[in-house]
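The lines below spell out each chain.
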Amino acid sequence: MKQKVAFYTLGCKVNQYETNAMKQNFIEKGYEIVEYEEYADIYVINTCTVTNMSDRKSRQVLRRAKQINSKSIVVVTGCYVQVAKEEIEKIKEIDVILGNNEKKEIVDKIEDYINKNQKQKKITDVMQKREFVEFGNTTYTEKTRAVIKIQDGCDRFCSYCIIPYARGRVRSRKIENILEEVKLISKKEIKEIVITGIHIASYGKDFKEDIKLIDLLEKLNEIDGIKRIRLGSLEPSIITNEFVQRIKKLEKICDQFHLSLQSACNSTLERMNRKYKIEEFKEAVKLLRENYKNVLLTADVIVGFPGETEEEFNTTYKNLDEIKFYKMHIFKYSQRKGTKAAIMKNQIDGKIKDERSQKLIEMSNKFQQEYNKAYIGKKVEVLFEERENEFVKGHTSNFIEVKVETKENLDNQIKMVKINKIDKENVIGELIK
Ligand code: SF4
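Just so it is clear, the model here is predicted, and its values are computed rather than measured.

Peer 1: Give a description of empty space enclosed by the protein that names residues and reports values.
Peer 2: Inspection of the entire model under this criterion finds two cavities of 30 Å³ or more. Its boundaries defined by the atoms lining it, the largest cavity holds a volume of some 60 Å³. Lining of the largest cavity is provided by E18, N100, N101, F132, V133, F135, K149, D152, R167 and R171. Residues from two domains meet in the lining of the largest cavity; each of domain 1 (4-124) and domain 2 (145-371) gives at least three. Of the pockets and cavities examined, the second largest cavity occupies roughly 40 Å³. Every element with two or more residues in the lining of the second largest cavity is listed here: α1 (13-28) and β7 (145-149). Here the lining of the second largest cavity is built from residues that sort into five nonpolar, three polar and no charged.

If you want it as structure tokens, here you go:
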């Protein structure tokens with residue numbers, strides 16, 4: 001009988017990609033993948049450490065594995081492992097510990113554990129790593145959208161962020177390896193890929209040759225079969241006139257950009273160690289809107305960063321009200337041990353963070369509703385992804401979620417839809433035959 005392996009993935013799309021790569025390694029060696037809540041022989045927890053809360057969640061999840069099967073092998077990997085080695089080693093339920101750079105060795109390490117019956121641990125210092133770790137071609141995906149990892153690491157060291165310590169310096173993946181993987185994915189009838197990494201704007205920075213993200217995108221755009229290329233979170237400073245003039249010629253690049261803004265007040269941005277001013281950010285937004293007719297912009301914003309005065313928050317509020325994102329992901333700042341911001345003076349009271357977050361959530365909902373309403377009566381192309389009760393749902397290229405009531409299975413198909421109404425946050429349409 002095949003050995004069963006269950007995965008639990010926390011955190012970002014890079015972790016998701018790496019989980020898919022590990023799953024593929026197991027399948028190729030004859031293992032079977034099952035859901036995390038099911039009985040399995042091996043449980044793999046791919047952890048995240050972006051907040052203290054992620055650490056706690058990682059610990060909870062790994063404890064659950066032995067409750068499902070007390071004889072199972074529990075493997076822990078990911079960013080939490082990388083930054084909290086000592087803490088992890090004390091958790092008795094864990095049998096195998098692997099650092100971020102060792103994920104590709106997972107099957108061998110587990111087989112070593114089984115053969116030697118002794119705990120395994122391999123965590124190399126991620127900061128010393130200067131080359132991208134290749135998993136090989138990762139074509140495993142459970143979704144209609146495939147995540148493609150193009151780089152690892154970040155050199156920015158924003159004052160609130162622990163990620164550079166968990167992921168190391170910028171290491172870009174060779175262009176030919178990315179192209180090969182995407183060509184294989186296109187043969188699996190996948191129509192949309194999401195370009196992801198820890199800091200994709202830095203793609204190519206570590207190469208001797210002058211290769212940038214835009215060069216890679218131009219090559220990806222030529223791959224037959226792939227219809228949409230969506231970009232993961234982008235640092236605003238990459239949006240220059242040259243970048244926009246080149247990217248707008250690539251018809252497969254989705255007209256939705258997620259910008260990691262974090263604050264719309266210059267003094268807060270400075271304390272965050274972000275390298276741009278809000279005026280430059282507004283220029284980038286202007287450029288995108290001038291060059292893409294239907295572009296939708298989304299952003300991450302942190303409220304309650306240490307020292308964020310009422311005046312600073314009001315500046316952020318005013319600027320965001322002017323920019324009008326389609327959607328904002330609002331995060332209440334939380335102290336992350338090991339970062340500069342965690343020991344800054346003037347930490348903000350939880351109640352104030354709640355209030356500020358609420359104000360921005362309301363603003364975000366209002367703009368989303370307004371943008372959605374403007375689509376009533378319009379015809380849009382939707383790539384369908386999954387069923388939800390009597391509806392099938394998918395996204396437009398600019399990432400509006402659209403639902404259509406039908407019994408047909410439309411997964412992974414692109415169809416024309418006429419938008420009929422907005423029901424609360426749902427955009428409802430009908431298929432155009
Ligand atoms: S750019 Fe800043 S927030 Fe993003 S991963 Fe790098 S250090 Fe963290």
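Peer 1: Describe the sheet that holds strand β3 (residues 42-47), naming the residues involved and giving the relevant values.
Peer 2: Spatially, six strands are ordered β2-β1-β3-β4-β5-β6 in an open sheet, and the strand pairing comes out parallel. Strand pairing shows two members of the sheet lacking a second neighbour, β2 (32-34) and β6 (120-122), which therefore form its edges. Across the sheet, the mean angle from the axis of one strand to that of its neighbour is 20°, orientation sign disregarded. Sitting on the sheet, α1 touches β1 (4-9), β2, β3 and β4 (73-78), and the angle it makes with β1 is about 175°. Contacts from helix α2 (residues 52-68) reach β1, β3 and β4, with the element oriented near 175° to β3.

Peer 1: Before we move on, could you go through the site of the ligand and cite the residues and values that matter?
Peer 2: Taken together, C154, R156, F157, C158, Y160, C161, P164, H199 and R274 make up all the residues around the ligand. Of the residues that constitute the shell around the ligand, the class distribution is six nonpolar, one polar and two charged.

Peer 1: Tell me what's going on with the domain arrangement of the protein chain, and back it up with residues and numbers.
Peer 2: According to the domain assignment, the protein chain consists of domain 1 (4-124), domain 2 (145-371) and domain 3 (379-431). Computed from C-alpha coordinates alone, the two centres of domain 1 and domain 3 are separated by 36 Å.

Peer 1: I'd like a description of the sheet that holds strand β10 (residues 192-196), backed by residues and values.
Peer 2: Here we have three strands laid out as an open sheet, ordered β7-β10-β11, and parallel in their pairing. The strands lining the two open edges of the sheet, one partner per strand, are β7 and β11 (228-231). With strand direction ignored, the average angle separating the axes of adjacent strands in the sheet is 25°. Bridge analysis of β7 against β10 gives five bridges, and the strand direction is parallel. Counterpart to R145 in the pairing with β10 is E192. Helix-sheet contacts for α1 involve β7 and β10, and the interaxial angle to β7 is about 100°.

Peer 1: Tell me what's going on with the nonpolar core, and back it up with residues and numbers.
Peer 2: Ranked by internal contacts, the top residues of the largest apolar core, which has 59 residues, are I195, L220, I247 and F257. Per element, the largest residue contribution to this core is six residues, and it comes from helix α11 (residues 278-291). Beyond its immediate sequence surroundings of up to four residues, I195 is in contact with I148, I150, I200, L217, L220, I229, R230, L231 and G232. The next biggest cluster of nonpolar side chains, apart from the first, holds 21 residues, and it includes V34, Y36, V74 and V76.

Peer 1: Explain the pattern of salt bridges residue by residue, including any values.
Peer 2: Counting across every chain of the model gives 36 salt bridges. We note a salt bridge from D152 to R171, for which the minimum N-O separation is 3.7 Å. Taken together, the positions of D152 in strand β8 (residues 151-152) and R171 in strand β9 (residues 171-172) put the pair 19 residues apart, joining distant regions of the chain. Taken together, the shared-partner salt bridges connect E18, K103, K149, D152, R167 and R171 into one network.

Peer 1: So what's going on with the environment of L288? Which residues, and what values?
Peer 2: Mapped onto the secondary structure, L288 falls in helix α11. The class of L288 is buried, set by a relative accessible area of 0%. Along the primary structure L288 and N241 are separated by 47 residues, whereas in three dimensions their C-alpha atoms are 9.1 Å apart. Not counting chain neighbours up to four residues away, the residues in contact with L288 comprise I239, V244, F257, L259, V295 and L297.

Peer 1: Residues and numbers for helix α5 (residues 106-116), please.
Peer 2: For α5, every residue scored as buried is listed here: I106, V107, K109, I110 and Y113. The arc that holds the buried residues of α5, viewed along the axis, is 165°, so those residues lie on one side. Each element contacted by the buried residues of α5 is listed here: α1, β3, β4, β5 (96-98) and β6. Just downstream of α5, N117 is the residue with a positive phi angle, here 50°.

Peer 1: I'd like a rundown of the packing of helix α7 (residues 175-187) against helix α8 (residues 213-220), residues and numbers included.
Peer 2: Relative orientation of the contacting elements α7 and α8 amounts to 30°, with a least axis distance of 10 Å. When the interaxial angle is binned, α7 and α8 end up roughly parallel. In the packing of α7 onto α8, the handedness of the crossing is right-handed. Contacts between α7 and α8 involve I175, I178, L179 and V182 from the first element and L216, K219 and L220 from the second. For the contact of α7 with α8, the class distribution of residues is six nonpolar, no polar and one charged.

Peer 1: Just give me the short version of the packing of aromatic side chains, but keep the residues and values in it.
Peer 2: Tallied over the full model, the rule gives 13 aromatic pairs. Plain terms: the ring middles of F26 and Y31 are 5.1 Å apart, the flat faces sit at 85° to each other, and that makes the pair edge-to-face. Members of the aromatic cluster, each reached through a chain of ring pairs, are F7, F26 and Y31. Sitting above the plane of the Y375 ring, K378 keeps its charged end 4.8 Å from the centroid.

Peer 1: Which residues make up the pairing of strand β14 (residues 327-332), and what are the values?
Peer 2: Where strand β13 (residues 296-303) lies against β14, six bridges are found, and the strand directions are parallel. Pairing of I302 across the sheet is with F331, part of β14. As a crossover connection, the stretch from β13 through helix α12 (residues 310-323) into β14 is right-handed.

Cut-offs applied
Residues numbered from 1 in each chain as written. Predicted model: local features only at pLDDT ≥ 70, side-chain atom pairs only at ≥ 80, totals over all residues. Heavy atoms only, no water. 1 Å grid on protein atoms, 1.4 Å probe; cavity = no way out; pocket = protein on both sides within 12 Å on 5 of 7 lines; lining within 4 Å. Points joined across faces, edges and corners; volume = space filled by probe spheres on them. Domains from an automatic or database assignment. Helix = DSSP H or I, 4+ residues; strand = E, 2+ residues; numbered from the N terminus. Nonpolar A, V, L, I, M, F, W, Y, C, P; charged D, E, K, R; others polar. Pairing = 2+ DSSP bridges. Axes fitted to C-alpha atoms, helices over the stretch in contact; angles between N-to-C directions. Contact = heavy atoms within 4.5 Å. Near = heavy atom within 4 Å. Core = buried A, V, L, I, M, F, W, Y, C linked by side-chain atoms within 4.5 Å. Buried < 20%, exposed > 50% of the residue type's maximum accessible area, 1.4 Å probe, protein only. Salt bridge = Lys/Arg side-chain N within 4 Å of Asp/Glu carboxyl O. Arc of directions from axis to C-beta. Parallel < 35°, antiparallel > 145°, perpendicular 65-115°, else oblique. Left-handed = near helix turned anticlockwise from the far one by under 90°. Phe/Tyr/Trp six-rings, centres within 6.5 Å; stacked < 30°, edge-to-face > 60°. Lys NZ or Arg CZ within 6 Å of the ring centre and 35° of its normal. Right-handed = clockwise from strand over helix to strand, strands pointing away.

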